[in-house]
Amino acid sequence: RPRPRRPRPHRPALPQGCSEPAGREPRLRDTPEDICFEATANAIALHPARPLLAAGDVDGDVYLYSYSCTEGENRQLWSSGHHLKSCRDVAFSQDGQKLFTVSKDKSVHILTVEEGRLETRFPKAHGSALNCVLPIDNHVFATGDDDGALKVWDLRKGDAILEARQQEEYISAMAVDGNGKILLTASGDGTLGVFNVKRRRFELLSEPQNGDLTSVVLLKRGKKVACGSSEGTIYLFNWDGFGAASDRFALRAESVDCMVPITDSIVCVGSLDGVIRAVNILPNRVLGCVGQHLGEPIEQLAVAPGGQLLASCAHDQKVKFWDISALGGLVVDDYRKKKKKGGPLRALSSKAAGSGEDFFADLRDEAEPAAGSDSD
């Protein structure tokens, strides 16, 4: 008969979910164990203050997990099956009390984080399938759909306060400046859209770039904007210079499907080849590999509070965690060392090259030599 588990005293959650002393607890790991799902997780988000992970899958289900570096301590807290079709994106509110989810069924749901209770629902929020959601402050959030339509919503009014359709293809990702004023939208038509949330108006579109724009992040204290593309290129824009890209950096990866900022200069990018690369922007360098879902396209990346952990979800129906604590201390100077062409990517975490086996053996002949190149 299994022995009943002793109740443990309540302790406040740690921001990184990782710095508990071992004490009498089970073994401590560098990163939490993988979380496995019955269906592919399209979207993940990490809570802004606590070790909580939200995920939405292709069946429309939404899950909330607590994660821990203590072995065996990952826990599913609740699940919600309110969406009728695939859940495309999830995002925590800035205060961490609500979870926003959007779906192919055209609906927006807002759930309480504590219980997973459906608090607010916009059943026909858009005319076509929703693709992404971005909380701007505790009352205002933005949504983008498959036809290039953007809406900005105010929960106090219970309706959209800005509606626009300036882009011709799906809106893949959004970002907002620190003042919650300028909203940027990356689109499958290759353009970057700029909207003024405060004045509720469209500002401008960039020139179309090659390939779909798949992601958009702010870097260099908001002075630079980086967009990833399906062609494996990162396009850089100056703030207030959104009409044309100021620089481009070809990673020679298959694609840049998702991207998250780690520091003011370093981003992690996920690709179709299943490799998560760390990239320094200005000077432009591929720093190495943080981790991989072997041969499985990566859907989304998320950074834990404190910047010590990265989470990733891919088509292998797993969420994996990676130790990125070393990235914060990397210094990249302008001097470019001559590299031997065809060398493997440098491993930037203990799990990056696998544990016990060389997981990169199969990748070296194809993706790795190109990805390690220093092309600007």
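One numbering rule holds for all chains: residues counted from 1, following each sequence as written. Per-residue local features are limited, in this predicted model, to residues with pLDDT of at least 70; the limit for side-chain atom pairs, both in listing and counting, is 80 or more; totals at the level of whole chains, interfaces and linings are taken over all residues. Excluded from the side-chain calculation are hydrogens and water; included are all heavy atoms of the structure.

Within an unreviewed UniProt entry, the label attached to the protein reads WD repeat-containing protein 55, and the organism entered is Calonectris borealis. The UniProt entry for the protein carries this comment under Subcellular location (unreviewed entry): "Nucleus". Its UniProt record gives the protein a comment under Sequence similarities (unreviewed entry), which states: "Belongs to the WD repeat WDR55 family." UniProt positions are given in the numbering used here, feature names are shortened, and annotations may be inferred rather than shown by experiment.

Looking now at the overall build of the protein. Helix and strand definitions follow DSSP, with helices as H or I runs of at least four residues and strands as E runs of at least two, each counted in order from the N terminus. Tallying secondary structure elements over the protein gives one helix and 28 strands in all. The buried share of the protein, taken over its 376 residues, is 53%. Partitioning the intrachain contacts of the protein with sequence separation of at least 6 by distance along the chain shows that 48% fall at a separation of at least 24. Accessibility throughout is a Shrake-Rupley quantity obtained with a 1.4 Å probe, and a residue counts as covered only by protein chains that appear here. Looking at the protein as shown, the accessible area adds up to about 17,100 Å², and 45% of this sits on carbon and sulfur atoms. Note on exposure labels: buried denotes an accessible area under 20% of the residue type's maximum, exposed denotes more than 50%, and partly exposed covers the range between, all computed with a 1.4 Å probe on protein chains only. The criterion used for residue contact is that any of the two residues' heavy atoms lie within 4.5 Å.

For the rest of this paragraph, the subject is the sheet that holds strand 6 (residues 87–92). Taken in spatial order, the four strands of this open sheet run 6-7-8-9, and their pairing is antiparallel. Edge positions in the sheet fall to strand 6 and strand 9 (118–122), since each has one partner strand and no second. Pairwise comparison of adjacent strand axes, ignoring direction, gives a mean angle of 15 degrees for this sheet. Pairing between strand 6 and strand 7 (residues 98–103): five bridges, direction antiparallel. Along strand 7, the bridge assignment pairs Cys87 with Ser103. At least two DSSP bridges between two strands are required for those strands to pair. In this analysis an axis means a line fitted to C-alpha atoms, helices contributing only their contacting stretch, and an angle means the value between N-to-C directions, from 0 to 180 degrees.

Using only the protein atoms, space was sampled on a 1 Å grid; points where a 1.4 Å probe fits but cannot get out form cavities, open sets with protein on both sides within 12 Å along at least five of seven lines form pockets, and lining residues are those with an atom within 4 Å of a point. Grid points are joined across faces, edges and corners, and a volume is the space filled by probe spheres set on the points. Summed over the entire model, instances satisfying the criterion amount to one cavity of 30 Å³ or more. Quantified by volume, the largest cavity comes out at close to 30 Å³. Asp30, Thr31, Trp322, Asp323, Ser349, Ser350 and Lys351 together form the lining of the largest cavity. Amino acids are sorted into nonpolar (Ala, Val, Leu, Ile, Met, Phe, Trp, Tyr, Cys and Pro), charged (Asp, Glu, Lys and Arg) and polar (every other residue, Gly among them). Here the residues of the lining of the largest cavity sort into one nonpolar, three polar and three charged.

We define a salt bridge as a side-chain nitrogen of Lys or Arg found within 4 Å of a carboxyl oxygen belonging to Asp or Glu. A full pass over the atoms with the stated rule returns 11 salt bridges. We note a salt bridge from Glu119 to Lys98, for which the minimum N-O separation is 3.9 Å. Placement of the pair is Glu119 in strand 9 and Lys98 in strand 7, with a sequence separation of 21 residues. For Lys151, the salt bridge identified is with Glu163, shortest N-O distance 3.9 Å. Of this pair, Lys151 sits in strand 12 (residues 150–154) while Glu163 sits in strand 13 (residues 159–164); the two residues are 12 residues apart in sequence, bridging distant segments of the chain.

The next point concerns the packing of aromatic side chains. Two aromatic rings from Phe, Tyr or Trp, using only the six-membered ring of Trp, form a pair when their centres are within 6.5 Å; if the ring planes differ by under 30 degrees the pair is stacked, by over 60 it is edge-to-face, and anything between is tilted. Applying the stated criterion across every chain yields a total of 10 aromatic pairs. Ring geometry for Phe100 versus Phe141: centroids 4.9 Å apart, planes at 50 degrees, classification tilted. Within this pair, whereas Phe100 is found in strand 7, its partner Phe141 is found in strand 11 (residues 140–145), the two being separated by 41 residues in sequence. One exposure class covers both Phe100 and Phe141, and it is buried. Judged by its relative accessible area of 0%, Phe141 falls in the buried class. Following the ring pairs from residue to residue traces out a cluster consisting of Phe100, Phe122, Phe141 and Trp153. Only when the NZ of Lys or the CZ of Arg is both within 6 Å of the ring centre and within 35 degrees of the ring normal is a charge said to sit over the ring. One Lys or Arg, Lys351, reaches over the ring of Trp322 and ends 4.8 Å from the middle of that ring.

A few words on the nonpolar core. Judged by nonpolar contacts, the single largest core of 19 residues is most densely connected at Ile234, Leu251, Val267, Val269 and Val279. Of all elements in the fold, only strand 18 (213–219), strand 20 (233–238), strand 23 (266–270), strand 24 (275–280) and strand 25 (285–292) reach the threshold of two or more residues within this core. Excluding anything up to four places from it in sequence, Val269 contacts Ile234, Leu251, Val256, Cys258, Met259, Val275, Ile276, Arg277, Val279 and Leu301. Only buried residues count toward a nonpolar core. Its members are Ala, Val, Leu, Ile, Met, Phe, Trp, Tyr and Cys residues joined through side-chain atoms within 4.5 Å.

What pLDDT reports is the predictor's confidence in each residue, on a scale of 0 through 100. Per-residue confidence for the protein gives a mean pLDDT of 88, with 84% of residues at or over 70. Every residue in residues 354–376 scores below 50 in pLDDT, and together they form 50 contacts with partners more than four places removed in sequence or on other chains.

This part is about the UniProt feature "repeat: WD" (unreviewed entry) in the protein. Residues given the UniProt feature "repeat: WD" (unreviewed entry) here are residues 137–163 and 298–325. Along residues 137–163 the backbone is 0% helical and 59% strand, and the end-to-end C-alpha distance reaches 18 Å. Secondary structure over residues 298–325 splits into 0% helix and 64% strand, and the C-alpha atoms at its two ends are 21 Å apart.

Its location among the elements puts Asp154 in strand 12. Counted as a polar contact is a pair of N or O atoms within 3.5 Å, where, for protein atoms, one must be capable of donating a hydrogen and the other of accepting one, and residues adjacent in sequence contribute only when both atoms are in side chains. Within the local environment of Asp154, its side chain forms a polar contact with the backbone nitrogen of Arg156, the two atoms lying 2.9 Å apart. Apart from the residues within four sequence positions on either side, Asp154 is in contact with His139, Val140, Asp159 and Ile161.

Considered as a void within the structure, the largest pocket measures approximately 1,600 Å³ in volume. Lining the largest pocket are 46 residues, with Met174, Met259, Val260, Gln300 and Leu301 sitting closest to its centre. Among the secondary structure elements, those contributing two or more residues to the lining of the largest pocket are strand 2 (41–46), strand 6, strand 10 (130–135), strand 14 (171–176), strand 18, strand 22 (258–261) and strand 26 (298–303). Per element, the largest residue contribution to the lining of the largest pocket is six residues, and it comes from strand 26. Across the lining of the largest pocket, the residue classes break down as 30 nonpolar, 11 polar and five charged.

Our next topic: the environment of Leu251. Here Leu251 is to be found in the loop between strand 21 (247–250) and strand 22. Taking the C-alpha atoms as reference points, Leu251 and Gly232, 19 residues apart in sequence, are found 5.7 Å from one another.

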